[in-house]
Amino acid sequence: MEDKTGEVVSPVVLAMRVGWCMELVSGIAAELLAEHWNSPDVALLAGRVDAGGRGLPTNAWMALRRLGWTASAPQGVRVNDRIVRMAQEQAGRLLRSAVWRVELTAGVLATWPADSVKRTGDEWEQVRAALPDGQHLPSGVIKARTRQIAAFVRSSGRLPADVFELEGAPRVARMLLLAACDRQQATIERSEADPRRALLRVQLPTRPDPRSYAEWTWVTCPITLPPTVPANAVLHLPTVRVQDGQVHAEVAFTHAVPQAKRSGHTVALGVDWGLNTLLSAGAACLHPDGRISALGSGAQFRAPGVLAKQHRLRRLSEHLHAKTDRYQHLLDGRAPHPALAGKHALLTEEIQHVSKRRSHLNDALSWAAARWAVDQAIAAHASVIYLEDLRSLEAKGMGRTLNTRLSQQVRGQIASRIRHLAAEAGIAVVTVPARNTSKRCPNCLGVLEHRKAPDKPAAAGWKWAICPNRQCGWQGDRDQGAWQRIAARGLTHQAKTVIERASGAMAIRSVTDALEARAVITPSIAQSRHGDRSKTGPTRRHTTRPAPRRRRAPSPARPPGPAGQRPEGPAPTDRHRLPRATHRHQDGTTISTPTRRHRPRGAALGAGFHLHAHATPPRWARIPDTMPGMGSLS
């Protein structure tokens with residue numbers, strides 16, 4: 001509602017007024033970005049030092065003002081200084097993010113290969129040496145930049161000078177960064193009546209081109225906070241967007257959480273990525289003598305139904321894009337055709353609708369998988385989660401369909417949300433190299449033999465792994481062996497954990513042979529060794545009537561009490577309390593018969609995130625020096 005008049009503002013009017021304000025901010029930011037989208041200005045901003053030798057502030061809008069990069073509103077439009085701040089903050093963030101692209105493009109241009117389609121081994125070493133932190137940069141990023149430069153070479157016949165000739169100024173998003181403002185533009189505070197609600201007060205224009213400050217008025221907007229926001233959290237000014245005609249506020253908050261340790265872990269959760277089995281996880285314990293044992297048999301997060309729906313939407317999107325491109329080709333260079341233009345507009349709208357469905361499905365799947373993984377760590381009392389680092393995974397050599405499915409996985413979203421949820425519990429999340437995690441045995445590090453699963457001999461794939469070492473004899477699901485290898489590798493290499501300065505993420509960059517030799521899983525209980533039980537002779541003939549047809553002695557008298565008379569049953573008749581199962585349908589020569597049909601747990605309505613997303617409950621072993629009553633929270 002309007003603060004001054006008390007008039008109620010409808011959601012449609014609120015979205016319109018917020019849209020006017022975003023148009024003013026994005027217009028100023030786009031003009032400022034186009035003016036300074038060049039190599040000298042970006043290098044000056046990246047130097048973090050002004051002309052006088054003083055360090056630039058961390059806030060982008062303050063750094064731009066220190067450098068003298070000013071901006072103004074369009075002619076005849078009156079805005080306050082806070083609107084200009086938001087535009088400078090948005091432009092400054094985009095200019096600072098261009099530094100990485102400048103260095104990447106310069107390194108690729110300096111080591112341009114003879115064949116841009118395929119580099120040799122020496123050319124790969126040269127380009128990685130020319131890039132900052134190039135040894136750990138995914139090769140897919142370098143290939144994408146190479147393809148972009150190759151397209152420029154085909155069109156212009158020469159190499160570009162830098163990224164500013166290769167790319168134009170980036171598009172400015174329509175949003176309001178209220179974090180760059182103060183109380184003269186926006187405020188936020190919790191509601192006194194209900195702590196789950198907050199009140200956002202913001203100044204908005206009453207027309208698209210306000211001519212005076214009188215056409216800017218204060219509007220109070222109630223915000224419903226989700227239950228994930230703690231009651232004692234400190235709220236910060238949000239980022240406001242308009243999506244589907246509704247105003248959304250991305251509220252940031254601060255609250256105290258336990259600090260995650262970089263090393264010194266004894267119980268860890270290893271997480272392995274899969275294609276159909278999205279996540280396979282299990283806990284491992286590092287003992288004082290250096291042994292590593294697995295705690296339980298682990299668990300899996302499977303979402304075949306969700307992934308099938310995701311791939312169906314992907315194929316539908318590709319089909320719609322192909323039809324839209326065909327209509328666009330028919331419309332180009334011809335007289336206006338209303339029928340074709342209408343079909344083209346309808347298909348464009350349908351593409352946006354399918355894209356939103358895919359985005360929402362990926363978002364729900366990533367949150368569900370991340371919540372499941374963190375719950376496994378909490379249930380096992382693990383202080384660290386070791387993730388398989390698949391940033392350098394390239395989808396190639398496995399067919400067009402499988403390559404597309406691998407490249408469309410939501411691993412990046414799951415990993416970032418695992419870090420977000422684990423931070424609230426004080427659990428560290430560390431990425432470890434993925435090399436040979438599914439290739440070698442977790443018990444002896446021997447090379448595994450992969451074959452079809454014994455319970456599914458007709459299914460395609462090689463899910464089952466067997467260790468050829470007879471002294472080891474390990475066999476099982478290859479994903480189960482992979483999470484054991486990941487957990488053991490992380491526990492032995494935890495002293496080599498580094499923290500990335502830019503993102504704060506923890507990672508183990510390299511693997512050493514000395515530590516890898518100790519990254520083996522030792523059985524907590526000695527496995528029993530049976531002798532050879534193969535058949536060596538004919539089977540002994542057994543009679544079909546092991547007992548006589550009629551008893552030689554008369555049936556005993558009925559005992560007193562509610563036990564009943566069972567003269568010919570296997571249960572003894574001299575007890576007053578019979579076994580617990582005797583009340584069921586059981587005769588002397590029959591077994592219990594169920595009275596209701598079997599109903600799978602996943603068929604119950606509302607079971608879990610999706611009817612086709614299943615999480616297996618792990619069987620955790622007893623961890624020494626931990627609280628009793630451990631179990632899975634999935």
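The sections below set out a description of the structure shown in this document. All figures in this text were calculated on a predicted structure; none of them were measured in a lab. What you see as residue numbers is a count from 1 along each chain, following the sequence as written. With pLDDT at 70 or above as the cut-off, local features in this predicted model cover only qualifying residues; side-chain atom pairs require 80 or more to be listed or tallied, and sums for whole chains, interfaces and linings still use all residues. Heavy atoms from the whole structure form the basis of all side-chain values; hydrogens and water molecules are not counted.

## Observations concerning the nonpolar core
Residues grouped as a nonpolar core are buried Ala, Val, Leu, Ile, Met, Phe, Trp, Tyr and Cys residues, joined through side-chain atoms within 4.5 Å. Here the term buried applies to any residue with accessible area under 20% of the maximum for its type, exposed to any over 50%, and partly exposed to those in between, with areas from a 1.4 Å probe on protein chains only. Leu45, Val79, Leu176 and Leu178 are the most contacted members of the largest nonpolar core, which totals 52 residues. Working definition: helices are DSSP H or I runs of at least four residues, strands are E runs of at least two. Numbering for both runs from the N terminus. Secondary-structure elements contributing two or more residues to this core are α1 (11-35), α2 (39-46), α3 (60-66), α4 (81-110), α7 (163-166), β2 (186-190), β3 (197-205) and β4 (216-224). The dominant element in this core, judged by the number of residues it contributes, is α1, at 10 residues. Apart from the residues within four sequence positions on either side, leucine 178 is in contact with Met86, Ala186, Leu200, Val202, Leu237, Pro238 and Val240. Among the nonpolar cores identified, the runner-up in size contains 43 residues, and Ala283, Leu340, Ile351 and Ala368 belong to it. Throughout, a residue-residue contact means that at least one pair of heavy atoms, one from each residue, lies within 4.5 Å.

## Concerning the pairing of strand β7 (residues 246-250)
A pair of strands counts as paired when DSSP detects no fewer than two bridges linking them. Across 5 bridges, the pairing between strand β6 (residues 239-243) and β7 is antiparallel. Looking at the pairing, valine 242 lines up with valine 247 of β7. Counted along the chain from β6 to the antiparallel partner β7, the turn is 2 residues long, and its residue aspartate 244 has a positive phi close to 55 degrees.

## Regarding the sheet that holds β2
Strand order in the open sheet formed by 3 strands is β2-β3-β4, and the pairing between neighbours is antiparallel. The open sheet is flanked by β2 and β4, the only strands paired with a single partner. Within this sheet the neighbouring strands show an average axis-to-axis angle of 20 degrees, counted without direction. Both β2 and β3 contribute to a ladder of 5 bridges, which runs antiparallel. Across the sheet, the residue bridging to threonine 187 is arginine 201, located in β3. Fitting a line to C-alpha atoms yields each axis, with helices limited to the stretch in contact; the angle taken between N-to-C directions then spans 0 to 180 degrees. In the packing of α1 onto the sheet, contacts are made with β3 and β4, and the angle to β3 comes to roughly 60 degrees.

## Some points on the side chain of glutamate 123
With respect to the helices and strands, glutamate 123 occurs in helix α5 (residues 121-130). In this structure, glutamate 123 is buried with no salt-bridge partner, the nearest side chain bearing the opposite charge being arginine 119 at 5.4 Å. Neither His nor the chain ends contribute to the count of charged residues, in which Lys and Arg are positive and Asp and Glu negative. Here, a salt bridge means any side-chain nitrogen of Lys or Arg that lies within 4 Å of a carboxyl oxygen of Asp or Glu.

## A closer look at the sheet that holds strand β1 (residues 176-177)
Strands pair in a sheet through their backbones, by hydrogen bonds, and they do so in one of two ways: parallel or antiparallel. Taken in spatial order, the 3 strands make up an open sheet running β1-β6-β7, and their pairing is antiparallel. If you trace the sheet from one side to the other, it starts and ends with β1 and β7, each paired once.

## A few points about the packing of aromatic side chains
Only the six-membered ring of Trp is used, alongside the rings of Phe and Tyr, when aromatic pairs are assigned; centres must lie within 6.5 Å, and planes under 30 degrees apart are stacked while those over 60 apart are edge-to-face, with the rest tilted. Per the stated rule, a full pass over the model turns up 2 aromatic pairs. Considering the side-chain rings of tryptophan 37 and phenylalanine 164, the 5.0 Å spacing of their centres and the 80 degrees angle between planes classify their relative orientation as edge-to-face. With a gap of 127 residues between them, tryptophan 37 in the loop between α1 and α2 and phenylalanine 164 in helix α7 connect regions that are remote in the sequence. For the pair shown, tryptophan 37 and phenylalanine 164 are each scored as buried. Ring geometry for phenylalanine 301 and tryptophan 372: centres 5.7 Å apart, planes at 45 degrees, overall tilted. Linking phenylalanine 301 in strand β11 (residues 292-302) with tryptophan 372 in helix α9 (residues 338-379), this pair joins segments that are 71 residues apart in sequence. Taking the relative accessible area as the measure of exposure, phenylalanine 301 reaches 5% and is therefore buried.

## Let's talk about the environment of leucine 491
Tracing the chain through its elements places leucine 491 in helix α12 (residues 478-492). Taking relative accessible area as the criterion, leucine 491 reaches 3% and is therefore assigned buried. For the pair leucine 491 and alanine 268, spaced 223 residues apart in sequence, the C-alpha separation works out to 7.2 Å. Residues in contact with leucine 491, not counting those within four places in the same chain, are His265, Thr266, Ala268, Ala284, Cys285, Leu286, Ile292 and Tyr386.

## Remarks on helix α8 (residues 304-331)
One less than the number of residues in a helix, times 1.5 Å, gives the span that helix is expected to have. Taking 1.5 Å as the rise per residue, α8 with 28 residues should run 40 Å; its terminal C-alpha atoms sit 41 Å apart, in good agreement. Downstream of α8 by one or two residues, glycine 333 has phi in the positive range, about 75 degrees.

## So, the packing of α2 against α4
Two elements in contact, α2 and α4, have axes whose closest approach is 9 Å; the angle formed by their N-to-C orientations is 100 degrees. One finds that α2 runs roughly perpendicular with respect to α4. Between α2 and α4, the contacting residues are Val42, Leu45 and Ala46 on the first element and Gly92, Leu95, Arg96, Val99 and Val102 on the second. All amino acids are sorted into three groups, where Ala, Val, Leu, Ile, Met, Phe, Trp, Tyr, Cys and Pro are nonpolar, Asp, Glu, Lys and Arg are charged, and the leftover types, Gly among them, are polar. Tallied by class, the residues present in the contact of α2 with α4 amount to 6 nonpolar, 1 polar and 1 charged. Here the word oblique covers every angle except those under 35 degrees (roughly parallel), over 145 (roughly antiparallel) and from 65 to 115 (roughly perpendicular).

## Thoughts on a positive patch on the surface
A grouping of Lys309, Arg312, Arg315 and Arg357 is seen on the molecular surface, where their side chains present a positively charged patch. The biggest single contributor to the positive patch is α8, with 3 residues. Here arginine 357 is to be found in helix α9. Patch criteria: residues need more than 30% relative accessible area and no salt bridge. Like-charged residues are merged within 9 Å; nonpolar side chains of Val, Leu, Ile, Met, Phe, Trp and Tyr are merged within 5 Å. All accessibility values rest on the Shrake-Rupley procedure with a 1.4 Å probe; residue burial counts only the protein chains present in the view. A single reference atom marks each charge: NZ on Lys, CZ on Arg, CG on Asp, CD on Glu.

## Observations regarding the pattern of salt bridges
Side chains that differ in sign of charge can pair as their charged atoms come close. As enumerated under the stated definition, the model contains 27 salt bridges in all. Here aspartate 50 and arginine 66 are joined by a salt bridge, their closest N and O atoms 3.3 Å apart. Taken as a pair, aspartate 50 in the loop between α2 and α3 and arginine 66 in helix α3 lie far apart in primary sequence, 16 residues in all. On the basis of relative accessible area, aspartate 50 is assigned to the buried category, the value being 8%.

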